[in-house]
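Now for the letters of each chain:
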Amino acid sequence: MAETKKLMRALAGEVQDVPPVWMMRQAGRYLPEYRATRAQAGDFLSLCYNPELAAEVTLQPIRRYGFDAAILFADILLLPQALGADLWFVTGEGPRLSTVTTQADFDALKGVGDIDEVLSPIYETVRILSRELPAETTLIGFAGAPWTVATYMIAGRGTKDQGPAHALRTENQPVFDALIDLITKGTIEYLSKQIEAGAEVVKIFDSWAGSLKGEAFERYALQPAKEIITALNARHPGVPVIAFPREAGDNYIGFAKATGADCVALDNSVSADWAAANVQVDGCVQGNLAPGHMVTGGQALIDETKRIKQAFSKGPHIFNLGHGITPDANPDNVQIMIDAIRG
Ligand code: CP3
């Protein structure tokens, strides 16, 4: 059967007059219906592990805006929890985890074979979504990239400069490398199970790739992505992978070819014209509207949306933000963006 979903067509390399569109964090706190369902669940993690309610918040932005893709509602930090780390969220601050900085900490983690004990509700969310989504909407599964997940596991929280992770990788490379390898293997299993449950595309979020430079980028951003994508392609041929090495800068060039990614997602620190000439030449790109426009709106939002659409119009493109939509965004601005894309 010919592929009719717009997002799948872009990932297959088709150039479309109107690109498919979705938004990172499209199910989130800027939506009153999300806040209501989260309150019903009790807290963020209870929402992630409740398949009916997680599917409900995934569907909310699809109903409201008719995006071309739905992204599974979950979090990149559920895998560390499944590997045995303690995980909790401090309201208004963010995630907290028990830390991994020594061989003993590493040895106390669970093996890849144990992750489904914690993660099976996530696969159930995927199954519900693959039944309930409209026929034209693509279902995207996701995981964090090993480096980004490791930065949280090592520091026990989000950090501005990923200092603790950089320190471990220079001061105790055996433990650091073992942790990267464990997360890499766990991610392959986790994403495989999401695909078996019905995810049609998977995305790998490397939010802190930009703090890896030179050889370190090669070793801890590029190589793990390549290992994950190679394994997924072997197990699930034809399932596209989107890679997001955020703030990679010049390292965006050639990333798709080197890793086997079907699409590279771009943050908003690179210009669309530069990315069209240097990254889109290798295939599909996604991004790169600055999320701040969803707060400020107005003519600048419309102009910038049209400019990005135009800059990427000669190749395959998935319209998206350069990073997640923020809680202070105005839901009306999302519709303004979509209208500017779809005309
Ligand atoms: O995009 C989506 O709509 C799908 C769901 C999704 C969430 N997190 C839900 C979430 C996805 C794809 C993520 C990815 C994620 N999680 C990343 C990578 C992308 C990025 O933002 O760089 C990272 C680094 C995390 C870890 C994480 N989760 C942090 C640092 C935080 C706290 C910061 C914040 O925005 O509050 C979270 C919480 C989180 N994950 C929320 C949501 C909707 C907000 C929780 C709430 O409702 O209070």
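Please read all numbers here as calculations on a predicted model, not as lab measurements.

(A) Quick look at the nonpolar core. Counting residues in each nonpolar core, the largest one holds 127 residues, and the members touching the most others are F67 and M337. Apart from the residues within four sequence positions on either side, M337 is in contact with V21, M23, F67, L289, M294, L301, T305, F319 and L321.

(B) Examining the layout of surface pockets more closely. Looking at the largest pocket, its volume works out to about 1,500 Å³. Together, 47 residues line the largest pocket, and R25, R29, D75, F89 and P95 are the ones closest to its centre. Counting residues per element, the ones that place at least two in the lining of the largest pocket are α2 (32–41), α3 (44–48), β2 (87–90), β3 (94–97) and α8 (146–155). Ranked by residue count, the leading element in the lining of the largest pocket is β3, at three residues. The residue makeup of the lining of the largest pocket, split by class, is 24 nonpolar, 13 polar and 10 charged.

(C) Looking closely at the pattern of salt bridges. In this structure the tally under the stated criterion is 15 salt bridges. A salt bridge links E93 to R96; the nearest nitrogen and oxygen atoms lie 2.4 Å apart. K193 is the partner of D116 in a salt bridge, and the nearest nitrogen-oxygen pair spans 2.3 Å. One end of the pair, D116, is in helix α7 (residues 116–132); the other, K193, is in helix α10 (residues 173–197), with 77 residues separating them in the sequence. Judged by its relative accessible area of 24%, D116 is partly exposed. Residue classification places K193 among the partly exposed positions, given a relative accessible area of 26%. If you follow the salt bridges from partner to partner, you end up with D181, K185 and E227 in one network.

Reading the values: rules and limits
Residues numbered from 1 in each chain as written. Predicted model: local features only at pLDDT ≥ 70, side-chain atom pairs only at ≥ 80, totals over all residues. Heavy atoms only, no water. Core = buried A, V, L, I, M, F, W, Y, C linked by side-chain atoms within 4.5 Å. Buried < 20%, exposed > 50% of the residue type's maximum accessible area, 1.4 Å probe, protein only. Contact = heavy atoms within 4.5 Å. 1 Å grid on protein atoms, 1.4 Å probe; cavity = no way out; pocket = protein on both sides within 12 Å on 5 of 7 lines; lining within 4 Å. Points joined across faces, edges and corners; volume = space filled by probe spheres on them. Helix = DSSP H or I, 4+ residues; strand = E, 2+ residues; numbered from the N terminus. Nonpolar A, V, L, I, M, F, W, Y, C, P; charged D, E, K, R; others polar. Salt bridge = Lys/Arg side-chain N within 4 Å of Asp/Glu carboxyl O.

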